[in-house]
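Letter by letter, the chains look like this.
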Amino acid sequence: MIKFLDLHKINNRFKDDFEASFSKSLEDSYYILGHNVSNFESEFASYCGTKFCIGTANGLDALTLILKGYIHLGKLKKGDKVIVPANTFIATILSVLHADLVPVLVEPDPNTYNISIQSIEENIDDEVKAIIMVHLYGQLCAVESLQDVTQKHNLLLIEDAAQAHGAVSEFNNSLAGNLSHAAAFSFYPSKNLGALGDGGAVTTNDNQLVNVIKLLRNYGSTEKYTNKIIGYNSRLDDMQAAFLNIKLKSLDSDNNKRRAIAKTYINGITNPKIKLPFYNGSQNHVFYAFVVEVEDRLHFTNFLNLHKIEWLIHYPIPPHQQEALGVFSGLSLPITENIHNKIVSLPMSPVMTKNEVQGVIEVLNSY
Ligand SMILES: *Cc1c(COP(=O)(O)O)cnc(C)c1O
């Protein structure tokens, strides 16, 4: 059996450090917004190259609090439209709905799977006030063009960087999290930087936004029992922050391993029935997922099952066809729908062995 993602193996590398930090936390007994959170916030901001980082309970909340923060600052208002990619994990779209804003779903570029600049231009009108770009599968969007479009139309640019921790832009060498006005990260266990539970963060250089999100995540309060605004409870857990600080030190080397596996796959898989992902060979991709396309997916996944190779689909149903998002059910998004029908994610993780990678290549070439 070749595992899709061996989380035990990934995390067991840090067992001694995790146990030491747990013992220390048990001694210190600061459970909520303690030193581990503030340490992680400053380490992660400095890693991303941003002035600020604020921990949140998860990635969805990080996105939602950015939007609610902008509403609080008067930069967005109820009913404003926000452009989002149609092919994304549903959280991107839910954050817009939770903030009482209106998502406008646009098609991707079929090569990179990332939001298409042309479809953005086609959908911009006076009611559009922001764009959320998602660096899908770990590959950065066309950041330079997105910055141009948002500047030209005076829009907010927000990043959903939940799959792209550590990806480096070729055009200015900035990292994911520092390519827009504000970025949201998830530390869900399967992510490139994953906690042992839920976690998320916002990164930004905007000190007004930081101050609002700090209030919003903690009952509108920075001083105990003094509530300045109507807030939420969405704090990054202190123990998770300690684990994340330990794992952050290995993020770059883990991403390098993912890229090396991707290159081996791309060079090794020569079967014309399998369409390989677009990759320019740079550090702008951290391969959260290695996604191929096939015509007859059921036939292909049955073949993988037979050869004991685990696989996943990111994602099997596009958001506009989900029961929860019935308001979009009339939309026709042929590029997005076509992608969702053909994609399969292959095993990818920093702990895969050379033999496992070769095993996947051999099975795929024999398909
Ligand atoms: C994982 C993910 C999220 C949500 O993160 P949670 O921590 O699960 O809330 C948002 N957007 C994308 C693209 C993701 O992959």
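Calculation notes
- Residues numbered from 1 in each chain as written.
- Predicted model: local features only at pLDDT ≥ 70, side-chain atom pairs only at ≥ 80, totals over all residues.
- Heavy atoms only, no water.
- 1 Å grid on protein atoms, 1.4 Å probe; cavity = no way out; pocket = protein on both sides within 12 Å on 5 of 7 lines; lining within 4 Å.
- Points joined across faces, edges and corners; volume = space filled by probe spheres on them.
- Helix = DSSP H or I, 4+ residues; strand = E, 2+ residues; numbered from the N terminus.
- Nonpolar A, V, L, I, M, F, W, Y, C, P; charged D, E, K, R; others polar.
- Domains from an automatic or database assignment.
- Patch = residues over 30% accessible without salt bridge, like charges linked within 9 Å, V, L, I, M, F, W, Y side chains within 5 Å.
- Areas by Shrake-Rupley, 256 points an atom, 1.4 Å probe, with all protein chains shown as cover.
- Salt bridge = Lys/Arg side-chain N within 4 Å of Asp/Glu carboxyl O.
- Expected span 1.5 Å × (residues − 1).
- Buried < 20%, exposed > 50% of the residue type's maximum accessible area, 1.4 Å probe, protein only.
- Contact = heavy atoms within 4.5 Å.
- Buried area = accessible area lost by both parts, 1.4 Å probe.
- Polar contact = N/O pair within 3.5 Å; in protein donor to acceptor, adjacent residues only side chain to side chain.
- Axes fitted to C-alpha atoms, helices over the stretch in contact; angles between N-to-C directions.
- Parallel < 35°, antiparallel > 145°, perpendicular 65-115°, else oblique.
- Left-handed = near helix turned anticlockwise from the far one by under 90°.
- Arc of directions from axis to C-beta.
- Core = buried A, V, L, I, M, F, W, Y, C linked by side-chain atoms within 4.5 Å.
- Phe/Tyr/Trp six-rings, centres within 6.5 Å; stacked < 30°, edge-to-face > 60°.

J.: Please explain the layout of surface pockets as it appears in this structure.
T.: In this approach the atoms are scanned with a rolling probe the size of a water molecule, which exposes any empty space left behind. What the largest pocket holds in volume is close to 410 Å³. Those elements that provide at least two residues to the lining of the largest pocket are helix H4 (59-72), helix H5 (91-98) and strand E6 (182-186). Of the residues in the lining of the largest pocket, the class split is 13 nonpolar, 8 polar and 3 charged. Inspection of the lining of the largest pocket shows a minimum of three residues originating in each of domain 1 (7-105 + 113-248) and domain 2 (251-365).

J.: Looking at this structure, how should I read a nonpolar patch on the surface?
T.: Taken together, the side chains of Phe22, Leu26, Tyr31 and Ile32 make up a nonpolar region of the molecular surface, amounting to roughly 440 Å² of accessible area. When you line up the elements, Tyr31 lands in the loop between helix H2 (15-28) and helix H3 (35-48).

J.: Could you clarify how one ought to interpret helix H13 (residues 354-365) in this entry?
T.: For an α-helix the count is 3.6 residues per turn, leaving residues at separations of three or four pointing the same way. Over its 12 residues, H13 runs 17 Å from end to end, which matches the ideal 16 Å to within 8%, given 1.5 Å per residue. Within H13 the residues assigned to the buried category are Val357, Gly359, Val360, Ile361, Val363 and Leu364. Residues of H13 that are buried in the fold lie against helix H10 (251-268), helix H11 (297-306) and strand E9 (343-346).

J.: When you look at the domain arrangement of the protein chain in this model, what are you seeing that I'm missing?
T.: The figure often quoted for interface size is the accessible area lost as the parts come together. According to the domain assignment, the protein chain contains domain 1 (7-105 + 113-248) and domain 2 (251-365). A straight line from the C-alpha centre of domain 1 to that of domain 2 covers 24 Å. Carbon and sulfur atoms make up 60% of the surface buried where domain 1 meets domain 2, a total of about 3,000 Å² over both sides. At the surface where domain 1 touches domain 2, the tally comes to 1 salt bridge. Our enumeration of links across domain 1 and domain 2 arrives at 19 residue pairs in polar contact (both at pLDDT 80 or more).

J.: Explanation requested: the packing of H4 against helix H8 (residues 207-216) in the structure shown.
T.: Any two packed helices are characterised by the angle at which their axes cross and by the distance between the axes. The geometry of H4 relative to H8 is characterised by a closest axis approach of 9 Å and an angle of 115° between their N-to-C directions. Relative to H8, the element H4 is oriented roughly perpendicular. By crossing handedness, the relation of H4 to H8 is classed as right-handed. Contact residues: H4 offers Leu65, Ile66, Lys68, Gly69, Tyr70 and His72, while H8 offers Leu209, Val212, Ile213 and Leu216.

J.: Looking at this structure, how should I read H11?
T.: Along H11, the positions that sit buried rather than exposed are Arg297, Phe300, Thr301, Phe303 and Leu304. Axial view of H11: buried residues confined to an arc of 150°, hence all on one face. Away from its buried face by more than 90 degrees, H11 exposes Leu298 and Leu306. The secondary structure elements touched by the buried residues of H11 are strand E8 (290-293), helix H12 (334-342), E9 and H13. Count one or two residues on from H11 and you reach Lys308, which has phi positive near 55°.

J.: I keep staring at the nonpolar core and nothing clicks. Help me out?
T.: Side chains of a nonpolar character, in soluble globular proteins, are inclined to be buried together. Phe40, Phe44, Ile83, Ile120, Leu146 and Phe187 are the most contacted members of the largest nonpolar core, which has 43 residues in total. For this core, the elements supplying multiple residues, two or more each, are H3, strand E3 (102-106), helix H6 (117-123), strand E4 (128-134), helix H7 (143-152), E6 and helix H9 (238-248). If one sorts the elements of this core by residue count, H3 sits on top with 6 residues. Apart from residues no more than four positions distant in its own chain, Phe44 is found in contact with Cys53, His165, Phe185, Phe187, Leu193, Thr203 and Leu248. By size, the runner-up hydrophobic cluster in this structure holds 33 residues, among which are Leu65, Leu76, Leu101 and Ala182.

J.: Even after reading the chapter, I still don't get the packing of aromatic side chains, so can you show me in this structure?
T.: Aromatic ring pairs are reported here in terms of the distance separating the ring centres and the angle at which the planes meet. Within this structure, the stated rule accounts for 14 aromatic pairs. Of the aromatic side chains, those joined through ring pairs into one cluster are Phe40, Phe44, Tyr47, Phe185 and Phe187.

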